[in-house]
Amino acid sequence: WAAFSLAATVLQAALVAGGAVSRVALAVGDARIAAALLILAAAWQLSPLKQACLGRCRSPARFLSEHWRPGAAGALRLGAWHGFYCIGCCWALMLLLFVGGVMSIAWIGGLALLVLVEKLAPARLPVRAATGVGLLIAGMALALS
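Residue numbering note: each chain is counted from 1, following its sequence as written. Per-residue local features of the predicted model are confined to residues with pLDDT of at least 70, and side-chain atom pairs are confined, for both listing and counting, to 80 or more; whole-chain, interface and lining totals are unaffected and use all residues. In computing side-chain values, all of the structure's heavy atoms are included and hydrogens and water are not.

Observations concerning the overall build of the protein chain
Piece 1. Helix numbering and strand numbering both begin at the N terminus, where a helix is a DSSP run of H or I of at least 4 residues and a strand a DSSP run of E of at least 2. The number of helices and strands found in the protein chain is eight helices and zero strands.
Piece 2. Shown N-terminal to C-terminal, the secondary structure of the protein chain runs as helices and strands in the order α-α-α-α-α-α-α-α.
Piece 3. Projected onto the principal axes, the alpha-carbon positions of the protein chain cover approximately 50 × 35 × 25 Å.
Piece 4. Only protein chains enter the calculation, and the probe is 1.4 Å; a residue is then buried if its accessible area is under 20% of its type maximum, exposed if over 50%, and partly exposed in between. Within the protein chain, the fraction of its 145 residues that count as buried is 32%.
Piece 5. We call two residues in contact when some of their heavy atoms are within 4.5 Å. Looking at the protein chain alone, contacts between residues at least 24 apart form 67% of all its contacts between residues at least 6 apart.

What follows is the structure in structure tokens.
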């Protein structure tokens, strides 16, 4: 997560410097970019890779029991793999912070709630797919407006 956060910070700084993201709200000012981010997040939500990452993230105890190795190197490896799957679940949703505003508490709270529901909802409930379809509709509506 530290490496991902560093990359996100560099991306944010570049977008602000390039004028694509406002300095105050830290949100994209161009509806086309916002639409593209929504559609990208929708595509990831509907992808088999997202499903695979979410499957690993939903049961951390099982993940720990399957991948545990003794010692510091084993712990580091376990943490890195779990972080990899966790980022796989959330990276596209985190990009949506640029749509609603990186500093918007409501937007952050909404995305956090979505991630929580997605992780804790039974696998049989189509939360991931419903979110993907909703993001696709929102992205297409924004692109066409």
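Digging into the side chain of Ser47
Piece 1. Structurally, Ser47 is set in the loop between helix H2 (31-45) and helix H3 (48-57).
Piece 2. Among the residues examined, Ser47 registers a relative accessible area of 13% and is labelled buried.
Piece 3. Polar contact is defined as a pair of N or O atoms within 3.5 Å, subject to the rule that within protein one atom must be able to donate a hydrogen and the other to accept it, and that residues adjacent in sequence are counted only when both atoms are side-chain atoms. Polar contacts involving the side chain of Ser47 include one to the main-chain amide nitrogen of Lys50, which spans 3.2 Å.

What to know about the packing of aromatic side chains
Piece 1. Only centres within 6.5 Å qualify two rings of Phe, Tyr or Trp (six-membered ring in Trp) as a pair; their planes then separate them into stacked at under 30 degrees, edge-to-face at over 60, and tilted for everything else. Counted according to the given criterion, the structure contains four aromatic pairs.
Piece 2. Here Trp81 and Phe84 contribute two aromatic rings whose centre-to-centre distance is 5.6 Å and whose plane-to-plane angle is 85 degrees, an arrangement assigned as edge-to-face. Of this pair, Trp81 and Phe84 both sit in helix H5 (residues 71-95), three residues apart, which is roughly one turn of the helix.
Piece 3. Ring centres of Phe84 and Tyr85 lie 5.5 Å apart, and the angle between their planes is 70 degrees; on these two criteria the pair is classed as edge-to-face.
Piece 4. Judged by its relative accessible area of 16%, Tyr85 falls in the buried class.
Piece 5. What links up through ring pairs into an aromatic cluster is the set Trp81, Phe84 and Tyr85.

Considering the pattern of salt bridges
Piece 1. Take a side-chain nitrogen of Lys or Arg and a carboxyl oxygen of Asp or Glu: if they are within 4 Å of each other, that pair is a salt bridge. Enumeration over the complete set of coordinates arrives at three salt bridges.
Piece 2. A salt bridge links Asp30 to Arg32, with the shortest nitrogen-to-oxygen separation between them at 2.8 Å.
Piece 3. Taking the relative accessible area as the measure of exposure, Asp30 reaches 24% and is therefore partly exposed.
Piece 4. Of the residues examined, Arg32 reaches a relative accessible area of 65% and is grouped as exposed.
Piece 5. Among the ionic pairs, Glu118 bridges to Lys50, the shortest N-O distance being 2.8 Å. Here Lys50 lies in helix H3 and Glu118 lies in helix H7 (residues 105-120), a separation of 68 residues in the sequence. An identical accessibility class is assigned to Glu118 and Lys50; each is buried.

Concerning the environment of Gly29
Piece 1. Structurally, Gly29 is set in the loop between helix H1 (2-17) and H2.
Piece 2. Among the residues examined, Gly29 registers a relative accessible area of 74% and is labelled exposed.
Piece 3. Sequence spacing of Gly29 and Lys119 is 90 residues, and the spatial spacing of their C-alpha atoms is 31 Å.

What about the environment of Ile137?
Piece 1. Within the secondary structure layout, Ile137 lies in helix H8 (residues 127-144).
Piece 2. Residue class for Ile137 comes out exposed when judged on its relative accessible area of 56%.
Piece 3. Separated by 89 residues in sequence, Ile137 and Pro48 have C-alpha atoms that sit 20 Å apart.

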